[in-house]
Amino acid sequence: MTVYKAFRNFIIALAVVGIIVTGSLIGFSVYKIYDYTQNSQYVVSKLGSSGEEVKNIQKKLSSLGFYNGSVDGVYGNGTKSAVKAFQKSCGITADGICGKTTLLYLGLSSGSSSNNTEYSNSDVELLAKVISAEARGESYEGQVAVGAVILNRVKHPSFPDSISGVVYQKGAFSCVNDSNWYAAVADSSKRAAIDALNGWDPSGGAIYYFNASKTSDTFMHSRQVIKTIGNHKFCI
């Protein structure tokens, strides 16, 4: 490490410590930290924090079935435990601190008071179940892409306007009638469902996908392929 880099890192460390100390002195336990490596700001909420951001976290955790306490905007032990349980379910660091990554998985914009309640906990579970059954053995990107196709159908006028409607539409997904449907849902599929719900669409907007080696369906093979991920061709 050069003398310049060492000096720069020392200055950055002092700046971060200064922000944290200043925030605590004026009574704030929810504070903004500048991420020098990603050139972005994000909110950190943790035990002892309070305010609108904490309320949004509690509301989201409650809608997902992880929190059953009061939505009072106070980050107590109950909220911390709920955050840790959610983090464990997503396979991310379970420290009970709601930082940038956890906010992303919750679908909450960093530093924002917006809260997406478009989908219920049962929707998330169903989406994960389909991904697990349909994309077992595929890469993580491929799993998210399958979830994205389902969500793209929900928004498309030619398909039902709910996740359950799309999944259980007659003939849409063969997995609902085979043994894979009753297999344990893979942890990666749960994370993939959340990433898809948070807006990641590796499929590029596809509304169909198929495994060319497993289907001879004329309709599927006639669709315009816009992306291939693993064994799946994604189409419009």
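Structure report, in brief. From a predicted model like this one, the values you see are computed outputs, not experimental measurements.

## Brief notes about the overall build of the protein
Thinking step 1. Helix and strand counts for the protein come out as 9 helices and 5 strands.
Thinking step 2. Moving toward the C terminus, one meets the helices and strands of the protein in the order α-β-β-α-α-α-α-α-α-α-β-α-β-β.
Thinking step 3. Taking all 236 residues of the protein together, 38% fall into the buried category.
Thinking step 4. For the protein, contacts bridging at least 24 residues in sequence account for 53% of all contacts bridging at least 6.
Thinking step 5. Accessible surface, the protein as shown: approximately 12,500 Å² in total, 53% of it carbon and sulfur.

## Considerations on the sheet that holds strand β3 (residues 208-211)
Thinking step 1. Strand order across the open sheet formed by 3 strands is β3-β5-β4, with antiparallel pairing between neighbours. What marks the edges here is a single partner per strand, and that holds for β3 and β4 (225-229). The sheet shows a mean angle of 25° between the axes of neighbouring strands, direction not considered.
Thinking step 2. Contacting β3, β4 and β5 (232-235), helix α6 (residues 140-155) crosses the sheet at an angle of about 30° to β5.

## Digging into the pattern of salt bridges
Thinking step 1. Evaluated as defined, the whole model comprises 1 salt bridge.
Thinking step 2. Across the pair Asp187 and Lys190 runs a salt bridge whose closest N-O atoms are separated by 3.7 Å. In this pair, Asp187 and Lys190 are both assigned in helix α8 (residues 187-197), 3 residues apart and thus about one turn of the helix distant.
Thinking step 3. A residue is classified by how much of its surface remains accessible, and Lys190, at 35% relative accessible area, is partly exposed.

## Overview of the environment of Asp95
Thinking step 1. With respect to the helices, strands and loops of the structure, Asp95 is situated in the loop between α3 (77-90) and α4 (100-106).
Thinking step 2. With 14 residues separating them in the primary sequence, Asp95 and Ser81 have C-alpha atoms 9.2 Å apart.
Thinking step 3. Ignoring sequence-local partners within four residues, the contact set of Asp95 consists of Lys80, Lys84 and Gln87.
Thinking step 4. A polar contact is formed between the side chain of Asp95 and the backbone nitrogen of Ile97, at a distance of 3.0 Å.

## Notes on the packing of aromatic side chains
Geometry of an aromatic ring pair is reported as the spacing of the ring centres plus the angle between the planes.
Thinking step 1. As enumerated under the stated definition, the model contains 7 aromatic pairs in all.
Thinking step 2. Arranged with centres 5.9 Å apart and planes meeting at 65°, the rings of Phe159 and Tyr208 form a pair that is edge-to-face. Residue Phe159 is located in the loop between α6 and α7 (163-167), and its partner Tyr208 is located in strand β3; the two are separated by 49 residues in the primary sequence. The pair Phe159 / Tyr208 is uniform in exposure class, with both members buried.
Thinking step 3. Geometrically, the ring pair formed by Phe173 and Tyr209 is tilted, given 6.4 Å between the ring centres and 40° between the ring planes. Note that Phe173 is positioned in the loop between α7 and α8 and Tyr209 in strand β3, a separation of 36 residues in sequence.
Thinking step 4. Taken together, the aromatic side chains of Phe159, Tyr208 and Phe219 make up a single cluster linked through ring pairs.
Thinking step 5. Taking NZ or CZ as reference, Lys129 lies 5.0 Å from the ring centre of Trp181, over its face.

## Observations regarding the pairing of β5
Thinking step 1. Pairing between β3 and β5: 4 bridges, direction antiparallel. Each residue of the ladder has a partner; that of Tyr208, found in β5, is Cys235.
Thinking step 2. Sheet topology places β4 next to β5; 4 bridges connect them, and they run antiparallel. Paired with Lys227 across the bridge in β5 is Phe234.

## Observations concerning α8
Thinking step 1. Counting buried residues in α8 gives 8 out of 11 residues, a clear majority hidden from the surface.
Thinking step 2. Looking at α8, one finds that the buried residues are Ser188, Ser189, Ala192, Ala193, Ile194, Asp195, Ala196 and Leu197.
Thinking step 3. Looking one or two residues past α8, Gly199 carries a phi angle of roughly 110°, positive in sign.

Calculation rules
- Residues numbered from 1 in each chain as written.
- Predicted model: local features only at pLDDT ≥ 70, side-chain atom pairs only at ≥ 80, totals over all residues.
- Heavy atoms only, no water.
- Helix = DSSP H or I, 4+ residues; strand = E, 2+ residues; numbered from the N terminus.
- Buried < 20%, exposed > 50% of the residue type's maximum accessible area, 1.4 Å probe, protein only.
- Contact = heavy atoms within 4.5 Å.
- Areas by Shrake-Rupley, 256 points an atom, 1.4 Å probe, with all protein chains shown as cover.
- Pairing = 2+ DSSP bridges.
- Axes fitted to C-alpha atoms, helices over the stretch in contact; angles between N-to-C directions.
- Salt bridge = Lys/Arg side-chain N within 4 Å of Asp/Glu carboxyl O.
- Polar contact = N/O pair within 3.5 Å; in protein donor to acceptor, adjacent residues only side chain to side chain.
- Phe/Tyr/Trp six-rings, centres within 6.5 Å; stacked < 30°, edge-to-face > 60°.
- Lys NZ or Arg CZ within 6 Å of the ring centre and 35° of its normal.

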